[in-house]
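# Understanding the architecture of this molecule
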Amino acid sequence: MTDTASTASGKPEEGESRRDFLLLATSTVGAVGATLAVWPFVDQMNPAADTMALSSTEVDLSPIEEGQSITAVWRGKPVFLRRRTAAEIEQATKDDSASMPDPQTDAARVQKPEWLIMVGICTHLGCIPLGQKASDPKGEFGGWFCPCHGSHYDTSGRIRKGPAPKNLLVPPYTFVGDETIRIG
Ligand code: FES
């Protein structure tokens, strides 16, 4: 099942469901829709470094359906959480041996293949890539696309084309339940 989208005006498009506006209740943060405009604002709200060092974020993944992504916040950073489809997982593992700037297998980037969890900050100059919404461009490899300078990430969040030097970072996280994770 794929997620759906809304127009820039917020007016629903046909087929839109309320899952587009899913908010996950977590112990420390609320989910936010990450945009380039939001990022500087979020960054200014960062707590002091000593507070950040201690913080972790717990996220209930169960409301996220297959093919859907949400964005949480951990230590002031957007974290992309995607419940991947079988096709996305298959594509990611098939490409394990492909030539790429920062070679890494898909298995090295996930604890459970279904769940891809990454810091949503482009490793080039720090923009927030597009691809969280169904209507977003997802680049040439079906994952995420950073429009700032044209970096394309695949369905494992690996950089495949463009100036970004590294894959999207996988943060430290632990499954504390079947579908609950603690990031940090
Ligand atoms: S910041 Fe993403 S391509 Fe430059």
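As the structure is a computational prediction, the values presented were derived from the model and not from experiment. (Residues numbered from 1 in each chain as written. Predicted model: local features only at pLDDT ≥ 70, side-chain atom pairs only at ≥ 80, totals over all residues.)

Right, let's get into the nonpolar core. Of all hydrophobic cores here, the largest spans 27 residues; its most connected members are Val59, Ala72, Val79, Leu81, Ile117, Ile181 and Ile183. Where this core is concerned, the elements lending two or more residues are strand E2 (69-74), strand E3 (77-83), strand E4 (115-119), strand E5 (142-146) and strand E9 (180-183). When sequence neighbours within four positions are dropped, the list of residues in contact with Val79 reads Thr71, Ala72, Val73, Trp74, Ile117, Val119, Gly120, Pro171 and Ile183. (Core = buried A, V, L, I, M, F, W, Y, C linked by C-beta atoms within 7 Å. Buried ≥ 20, exposed ≤ 12 C-beta atoms within 10 Å, placed from the backbone. Helix = DSSP H or I, 4+ residues; strand = E, 2+ residues; numbered from the N terminus. Contact = placed C-beta atoms within 7 Å.)

In this section: unusual backbone geometry. Note on backbone geometry: most residues besides glycine have negative phi, and most peptide bonds are trans. Phi is positive for Arg75, close to 50 degrees, though the residue is something other than glycine. Relative to the helices and strands, Arg75 resides in the loop between E2 and E3.

This brings us to the pairing of E3. Where burial is concerned, most of E3 is hidden: seven out of the seven residues are buried. Here E3 shows no split at all, with Lys77, Val79, Leu81 and Arg83 on one side and Pro78, Phe80 and Arg82 on the other all buried. Sheet topology note: the E2/E3 ladder contains six bridges and is antiparallel. Paired with Ser69 across the two strands is Arg82, which belongs to E3. (Pairing = 2+ DSSP bridges.)

Moving on, we get to the sheet that holds strand E1 (residues 57-60). In a beta sheet, neighbouring strands pair by backbone hydrogen bonds and run either parallel or antiparallel. Ordered in space as E1-E9-E8, the three strands form an open sheet in which the pairing is antiparallel. The open sheet is flanked by E1 and strand E8 (173-177), the only strands paired with a single partner. When strand polarity is set aside, the average angle formed by the axes of neighbouring strands in this sheet is 25 degrees. Note that E1 and E9 share four bridges and pair antiparallel. (Axes fitted to C-alpha atoms, helices over the stretch in contact; angles between N-to-C directions.)

Attention now goes to the sheet that holds E4. Judged by pairing direction, the sheet is antiparallel, and its three strands sit side by side in the order E2-E3-E4 without closing on themselves. Edge positions in the sheet fall to E2 and E4, since each has one partner strand and no second. This sheet shows a mean twist of 25 degrees between the axes of neighbouring strands, independent of strand direction. In this sheet, E4 lies alongside E3 in antiparallel orientation, the contact comprising five bridges. What sits directly across from Phe80, in E4, is Met118.

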